[in-house]
Amino acid sequence: PPMVKHRKLLISVVLVAVLSAIAAFLWLLASRAPAVVRLLPEGDVIIYANLKPVHLWDLNKTSPVKLEGDYRDFVEQTGIRYEHDLDEVAVSRRDTPDGQDTESSEVFVGQFDQQRLRNYLEKISAGHVTYHDHVIYSIPSKGPIPHQSHTVRVSILDPKRIAVTNMESSAPIQGIIDASYRRPAGPSLLREYYRRVPVTALGWMIARIPAGARAPQLLNGWSFDFLENTVTVASLRYQGDVRLQADVITASDEDAARIVDQANSFLLISRSIAQSVGARGADPDVKAAFDSIRAQQNKNVAVFTATVSQRMLKKLVSEARPESTAPAPSPSPSANQRKRHRR
């Protein structure tokens, strides 16, 4: 009957509409940057890491972190151990106007005892102010340049989030506190390029390298100066093996081709040197990881990819294992000591 047909058609239309709405909602969630990153102030480098999957490895059993110095004091007083209490990290960095130093802002997400952390911050801080019911602690810290110091500012945003900055003014950490009350869009670099980050990436970085930026020097006089005036979107995905990808976005197809050519030339020289010197060449996993590096052009983007196997990851973790904290055995007495003892 016509009524039954219309009812089936109506049900089909409603079902399609519901499924479309769900798909659109899931796409919206996937296309938005993590909330913790959107709290950050402007910067030339934006970094994010999701550490929750790392906790499943329980690295503290396979490679226990040695507690010593300031970190040991921090753990004893706060109870926080970053290797299993830290879930997410978001960082915004930029060079100072004179290009001699770096300023940064970080937001950490994890599990911690607010009162113990507050007591620790009160103990080490030189003072504090209150901004929108949030306490901002000021902690003096030495900078990388002799006789230059920073003021590190720390604020507990809520039971799971902590904000830290070492910028000259208090405006950045106040901006993070303001952003924690709303749904911010995030820094401009994030808004423009996050769509290039793979959905399944556990960690990623977006870096703008302006013209004239300082480039680190490599072997044989090579440097990264060919990356000037570009934006790099690098990501890490875990799919049994670790998949690394870096998209270097340039102003033109010609610039991308130039970067790929220079990168391939550098890789060719590096592989030739590795073969002639034989550095770790006997390790097939290291060789496979190095040989997996590829540089290709996609219009105005130079695409770099590499793969690190599970076996290689286990080796890296094993080699990073600190020495045992157990007390070393007493040295055996020397021959002269034994002679004196017999006397």
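For the structure, see preceding data.
These figures come from a predicted structure and were not determined experimentally.

Analysis parameters
- Residues numbered from 1 in each chain as written.
- Predicted model: local features only at pLDDT ≥ 70, side-chain atom pairs only at ≥ 80, totals over all residues.
- Heavy atoms only, no water.
- Buried < 20%, exposed > 50% of the residue type's maximum accessible area, 1.4 Å probe, protein only.
- Helix = DSSP H or I, 4+ residues; strand = E, 2+ residues; numbered from the N terminus.
- Arc of directions from axis to C-beta.
- Salt bridge = Lys/Arg side-chain N within 4 Å of Asp/Glu carboxyl O.
- Phe/Tyr/Trp six-rings, centres within 6.5 Å; stacked < 30°, edge-to-face > 60°.
- Core = buried A, V, L, I, M, F, W, Y, C linked by side-chain atoms within 4.5 Å.
- Contact = heavy atoms within 4.5 Å.

*Asks:* Sorry, what's going on with helix 7 (residues 171-179) here?
*Replies:* Note on helix geometry: an α-helix contains 3.6 residues per turn, so any two residues three or four positions apart are oriented the same way. Among the residues of helix 7, those classed as buried are P172, I173, I176, I177 and A179. Burial along helix 7 is one-sided: seen end-on, the buried residues are contained in an arc of 165 degrees.

*Asks:* What is the right way to read the pattern of salt bridges from this model?
*Replies:* Side chains that carry opposite charge are capable of pairing whenever their charged atoms lie near each other. Under the counting rule described, the total for this entry stands at seven salt bridges. A salt bridge links R258 to D255; the nearest nitrogen and oxygen atoms lie 3.8 Å apart. Pair noted here: R258 and D255 are both in helix 9 (residues 253-277), with a separation of three residues, about one helical turn. For R258, a relative accessible area of 34% corresponds to the partly exposed category.

*Asks:* Explain the packing of aromatic side chains to me, please; I cannot follow it from the model alone.
*Replies:* Each aromatic ring pair is specified by the distance between its two centres and by the angle formed by the two planes. Counted according to the given criterion, the structure contains four aromatic pairs. Ring centres of Y71 and Y82 lie 5.2 Å apart, and the angle between their planes is 50 degrees; this geometry places the pair in the tilted category. Placement of the pair is Y71 in helix 4 (residues 69-78) and Y82 in helix 5 (residues 82-85), with a sequence separation of 11 residues. Ring pairs connect the aromatic residues Y48, Y194 and W204, which therefore count as one cluster.

*Asks:* Sorry, what's going on with the nonpolar core here?
*Replies:* Soluble globular proteins tend to pack their nonpolar side chains together in the buried interior. Ranked by internal contacts, the top residues of the largest apolar core, which has 31 residues, are V37, W204 and I206. Within the residue set of this core, elements represented by two or more residues are strand 1 (45-50), strand 3 (102-110), helix 7, helix 8 (188-193), strand 8 (203-209), strand 9 (230-239) and strand 12 (301-308). A per-element tally of this core places helix 7 first, with four residues. Not counting chain neighbours up to four residues away, the residues in contact with I206 comprise D44, V45, I46, L189, L190, Y193, Y194, V197, V231, T232 and V233. Listed in part, the 12 residues of the second largest apolar core include L117, Y137, V154 and I156.

Just distances and angles here, no functional claims.
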